[in-house]
Structure formats: C-alpha cells, structure tokens
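The lines below spell out each chain.
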Amino acid sequence: MKEKLKRAMMDAISNVFETMFFLPMEFSQLTGIENFLRVEEKGVLTCILDFNGPFSGKVVLFIPAVLAIPLTADFMGVESDTLSKDHVTGTVKEIVNMIAGSMFINYDDKSVFDLAIPKMATFEKACKEDPASKESLFLGVKTPDSKFALKIELTHILSDN
Amino acid sequence: MAYNILIVDDSSPMRMVIKKNIKASGFKTGKIFEAANGMDALDIVKKEWLDIIMTDFNMPGMNGLELVREIKKIDTAKDIPIIMITTEGSQERLKEFTAQGVTDYIKKPFVPRTIKAKMNNLLGESDYEGETEESDDGCDF
C-alpha cells in the first residue's frame, strides 16, 4: 500500500506542476522534513488537507515563500509585486487540493476520498506528527531554484489495498 | 452570440485562472460573473441571465454539489448547463455529479483547451475537439 501510494503521490505532483505550473522538478532521495528543509528556515508556507476514505489522514505541503510567490504570479499571469498574501496562500491551498485529488485518483479511482478544505498551518504544527498516525510518507522535490516537500500521515486504515 | 458565464470558486487565484483561460480561448463571452461561495453564486443566479455556470466542488460552507441542488430548485435557472471543476474524480463521485444534474466536469489540473472544448460542447459551438479530459499536451498557460 505504501509503495503504491508513494507512486500515486509522485505522479500527482508531476501532473499538477507540469500541467499548471510548467515547473521542471526531480524527486529527492532524502527522507524527513528536517533533512530536506532547514528547520530554522523562515518563510516556509505550510498547508494541511485532511482526507477520509478507505484510509484517512492528512496531506501536508511545505513550500518556501520564495518558490510560492513566483509560482502564484505565473499561475495568475500577474507580476509578483501585485500579489496579496491571499493570492499566495490561495494558490498554495489549490496546489495541495489538486495534488491530493490527483493522488487518490491515481491510487484508486473506484474509491471515494472526501477532501476537507485545505488550511494554512504553522511550520511547527505541520512538522508535528499526529499521535494517531500509523504510517507516514515523505517526499522531497527539487526545482531549478528551490525545493518543496509533501508529507502524508495515515491515521486510520479501513482496508489494506 | 456572446455568453454570460458564472465562475464559482473560493480560490481567487483559481477564479482568475479560469477566467483567463476562457478569455484566451477566444470564446465569445458577454459578462463573466465571479462568486467566492455558494450563497453569493445563488444571488447572481437569481438576478442575472446566465448561459453557463462553472463551479468548484470543494468549497467551504456550501460545496459545489449542494450549489447544484439549489440551482435546480430555481425555475429560471434549472436548465443552465453546469460544469463542475473538481480535483475529486473517482468514478462514484462522477456518477453522483451526473445524477444530481451536473452537465459536465473538468478535472483539476486542467489544460486550457479543456475549458474551451467543454464550453463549446455544451453551448453547441462547432469546433469541439472531443474528449480532452486527460490531455496534457499543447498547453500554454
């Protein structure tokens, strides 16, 4: 299940960033957020999306503002200096939403996964593992000028697909 | 003929992207209305003449499907074609959309020509390019 989900996650990230952002990327072999993004790093935006389905949990995106801002500008077709905070967080939430939706279709398009509304969170909260977490997956992604990461925590597993 | 379009999405960047793609497609548009939630959308639906409604599914408060159900209760609006724009594309979910009266859907992420193709298909324009849902080529966002 874990490997299948990781594959689905990688395909979803590629699909979202290539289709809507035209951003080349490569996946990192490093595991763990602390190894990938410096914990003391300022300006990392974090967004959490809870989901429920054959298994439940959360998807967490860590993306530096220095990457999120130009991505938002390109996405909206405007200059970076015209963006508001809501534009940037709105785009980050949309990225998480699209990755999660695409990932679950890739994983199993016959099962329904209910996605909650994505929420911005503090870096500390996003890093903290849920006590109910049974499994977690981490994926680091390098872009030409920056990097971002995605984490999935599974808190409830109804069936072993 | 120019068509009036309502875009419903809680994400302002996504509304802007959809609007940008509609305009870039060369589709003949009249007024393009925007709503950030289902209640605001219903206000517009009740007041304005609309030819097509494009709504997100995953929104706080009233989700896209709940909005569709409300629109179907309005006599003057129940026949307006509705496109659901969604990240949730499981077979069961898509069946649910159809059963509730959604005319067509677009899965996010999407390429620009998907929007034009879907709109042309719904409004009877002649240059419909066929199913483009999974297409990922030829996009110039």
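Residues numbered from 1 in each chain as written. Chains lettered and ligands numbered in written order. Predicted model: local features only at pLDDT ≥ 70, side-chain atom pairs only at ≥ 80, totals over all residues. Heavy atoms only, no water.

Considering the sheet that holds strand β5 (residues 104-107) of chain B
Residues and elements named next belong to chain B.
Inference 1: One open sheet holds the 5 strands; their spatial order is β2-β1-β3-β4-β5, and the pairing between them is parallel. Of all the strands in the sheet, just β2 (29-35) and β5 have a single pairing partner and so form its edges. Across the sheet, the mean angle separating the axes of adjacent strands is 20 degrees when strand polarity is ignored.
Inference 2: The pairing of strand β1 (residues 3-8) with β2 spans 5 bridges and is classified as parallel. Paired with Ile7 across the strands is Glu34, a residue of β2.
Inference 3: Across the sheet, helix α3 (residues 64-72) touches β1, β3 (52-56) and β4 (82-86), and the angle it forms with β4 is around 170 degrees. (Pairing = 2+ DSSP bridges. Helix = DSSP H or I, 4+ residues; strand = E, 2+ residues; numbered from the N terminus. Axes fitted to C-alpha atoms, helices over the stretch in contact; angles between N-to-C directions. Contact = heavy atoms within 4.5 Å.)

Overview of unusual backbone geometry
Inference 1: Of the consecutive residues Lys108 of chain B and Pro109 of chain B, the connecting peptide bond is found in the cis state with omega at 0 degrees.
Inference 2: The topology assignment puts Pro109 of chain B in the loop between β5 and α5 (112-123).
Inference 3: Although it is not a glycine, Phe22 of chain A sits at a positive phi angle of roughly 50 degrees.
Inference 4: Among the secondary structure elements, Phe22 of chain A is positioned in the loop between α1 (2-21) and β1 (26-27).
Inference 5: A relative accessible area of 41% means that Phe22 of chain A is categorised as partly exposed. (Buried < 20%, exposed > 50% of the residue type's maximum accessible area, 1.4 Å probe, protein only.)

Here's the deal with the interface of chain A and chain B
Inference 1: Every contact between the two is made by 28 residues of chain A and, on the other side, 26 residues of chain B.
Inference 2: In total, about 2,200 Å² of surface goes out of reach between chain A and chain B, with carbon and sulfur atoms giving 62% of it.
Inference 3: In this assembly, chain A and chain B are joined by 2 salt bridges.
Inference 4: The residue Arg93 of chain B makes a salt bridge to Asp114 of chain A at a minimum N-O spacing of 2.5 Å.
Inference 5: The interface formed by chain A and chain B contains 7 residue pairs in polar contact (both at pLDDT 80 or more).
Inference 6: Breaking the side of chain A that touches chain B down by element, the ones donating at least two residues are α1, α3 (65-76), α4 (85-107) and β4 (114-115) of chain A. (Buried area = accessible area lost by both parts, 1.4 Å probe. Salt bridge = Lys/Arg side-chain N within 4 Å of Asp/Glu carboxyl O. Polar contact = N/O pair within 3.5 Å; in protein donor to acceptor, adjacent residues only side chain to side chain.)

Details of the confidence of the model for chain B
Residues and elements named next belong to chain B.
Inference 1: Looking at chain B, the pLDDT average stands at 86 and 88% of residues meet or exceed 70.
Inference 2: Helix α2 (residues 38-47) holds the highest mean pLDDT among the elements of chain B, 98, whereas α5 holds the lowest, 84.
Inference 3: Throughout residues 126-141 the model reports pLDDT below 50, and contacts reaching past four residues in sequence, or to other chains, amount to 36 contacts. (pLDDT = per-residue confidence, 0-100.)

Focus on the pairing of strand β3 (residues 55-64) of chain A
All names here are of chain A.
Inference 1: For β3, the tally of buried residues reaches 10 of 10 residues, placing the bulk of the element in the interior.
Inference 2: Hairpin connection from strand β2 (residues 44-52) to β3: 2 residues lie between these consecutive antiparallel strands.
Inference 3: Of the strand pairs in this sheet, β3 and strand β7 (residues 147-157) are connected by 8 bridges, and their pairing is antiparallel. Counted as the bridge partner of Phe62 is Ala149 from β7.

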